[in-house]
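# Per-entry structural report
Spelled out from the first residue to the last, the chains are:
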Amino acid sequence: MRDFRLASLGALGWLAACGSALAQTQPAPDMPATSTFGVWTTMVDTLDTGQDARKTCAASTAFYDAGGNSGTLTLSISNGDALPPDAYPAVMITIDNRSLQTGKKIAAIFGDPGVKVSTTVYSNDAVNGRPTWTVDNQPKTSLALLRAMRQATSLDVTFGKQAIASIPMDGFTKAYRSLGASCGFPTKDVAP
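None of the values given here were measured: they were computed from a predicted structure.

Rules and cut-offs
Residues numbered from 1 in each chain as written. Predicted model: local features only at pLDDT ≥ 70, side-chain atom pairs only at ≥ 80, totals over all residues. Heavy atoms only, no water. Pairing = 2+ DSSP bridges. Helix = DSSP H or I, 4+ residues; strand = E, 2+ residues; numbered from the N terminus. Axes fitted to C-alpha atoms, helices over the stretch in contact; angles between N-to-C directions. Contact = heavy atoms within 4.5 Å. Salt bridge = Lys/Arg side-chain N within 4 Å of Asp/Glu carboxyl O. Buried < 20%, exposed > 50% of the residue type's maximum accessible area, 1.4 Å probe, protein only. Core = buried A, V, L, I, M, F, W, Y, C linked by side-chain atoms within 4.5 Å. Parallel < 35°, antiparallel > 145°, perpendicular 65-115°, else oblique. Nonpolar A, V, L, I, M, F, W, Y, C, P; charged D, E, K, R; others polar. pLDDT = per-residue confidence, 0-100.

### Comments concerning the sheet that holds strand S4 (residues 70-78)
Taken together, the ten strands give an open sheet; going across it, the order is S1-S2-S3-S4-S5-S8-S7-S6-S9-S10, and neighbouring strands pair in antiparallel fashion. The two strands at the open ends of the sheet, each matched to only one other strand, are strand S1 (33-37) and strand S10 (162-168). Going across the sheet, the axis of each strand differs from the next one's by a mean of 25 degrees, ignoring polarity. Sheet topology places strand S7 (residues 115-127) next to strand S8 (residues 130-135); five bridges connect them, and they run antiparallel. The residue bridging Val127 from the neighbouring strand is Arg130, located in S8. Where helix H2 (residues 139-151) meets the sheet, its contacts fall on strand S2 (40-48), S4, strand S5 (90-95), strand S6 (106-112), S7, S8 and strand S9 (154-159), and the angle it forms with S7 comes to roughly 105 degrees. Sitting on the sheet, helix H3 (residues 172-183) touches S1, S2, strand S3 (53-64) and S4, and the angle it makes with S3 is about 165 degrees.

And the structure:
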């Protein structure tokens, strides 16, 4: 089975950057379906194995950090993975900032003044030449993070003591519901 996650992330970064210009599209049969919700863009890629259809569902939004570096915040899950409530979409940040801390178990805080979620992130190989960090995907923490994303107007992200960005969340709830509808998982625990 092909793994579309990393390839999808690069495409999502582009889609999110152009998100406000995109409307819901009807792709060619071999192209992923995309939709836009506020500043979020979703993409559903289907691979028919002949025995079943595997879908990779992702949502992404673009942002700039305080230094003007562009980045994307992306959620990704496949209907071949464990699904909510057993496991939640992977959360990744890709940003053109090579001065950020890299390694494993980097302390991170996501939230806004009303709600903060502490977790860890780890750096990955660059996606399309851009450094990437993945949130440690533990069900309880992931659920708290996704709920914080739903509640926040802007999600403040900090690695260690370094503020990364304040990422707008306009359209997140609808984008998350779309992921659930496309990949077949309930969304009421995050986006009632």
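### Some words on the pattern of salt bridges
Here the structure, examined in full by the defined rule, presents one salt bridge. Linking Arg130 and Asp96 is a salt bridge whose minimum nitrogen-to-oxygen distance equals 3.5 Å. Of this pair, Arg130 sits in strand S8 while Asp96 sits in the loop between S5 and S6, and the two are 34 residues apart along the sequence. In this structure Arg130 comes out as buried when scored by relative accessible area, which is 17%. Overall, the relative accessible area of 33% leaves Asp96 in the partly exposed class.

### As for the nonpolar core
Leu73 and Met149 are the most contacted members of the largest nonpolar core, which has 42 residues in total. Sequence-distant contacts of Met149, that is, excluding residues within four places in its chain, are made with Trp40, Leu73, Leu75, Leu155, Met169 and Phe172.

### A look at the packing of H2 against H3
Interaxial distance between H2 and H3 falls to 8 Å at its minimum, and their mutual angle equals 135 degrees. Relative to H3, the element H2 is oriented oblique. Residue-level inspection shows Leu146, Met149 and Arg150 of H2 in contact with H3, the latter providing Phe172, Thr173 and Tyr176. Across the contact of H2 with H3, the residue classes break down as four nonpolar, one polar and one charged.

### Section: unusual backbone geometry
Cis geometry is found at the peptide bond from Pro84 to Pro85, where omega equals 10 degrees. Position of Pro85 relative to the elements: it lies in the loop between S4 and S5. Despite not being glycine, Lys105 shows a phi value in the positive range, around 55 degrees. Within the secondary structure, Lys105 is located in the loop between S5 and S6.

### Quick word on the confidence of the model for the chain
Here the chain averages 86 in pLDDT, and 84% of its residues register 70 or above. Highest mean pLDDT in the chain belongs to H3 (97); lowest belongs to helix H1 (residues 5-17) (44). Counted against residues more than four places away or in other chains, residues 1-23, with its pLDDT under 50, gives 41 contacts.

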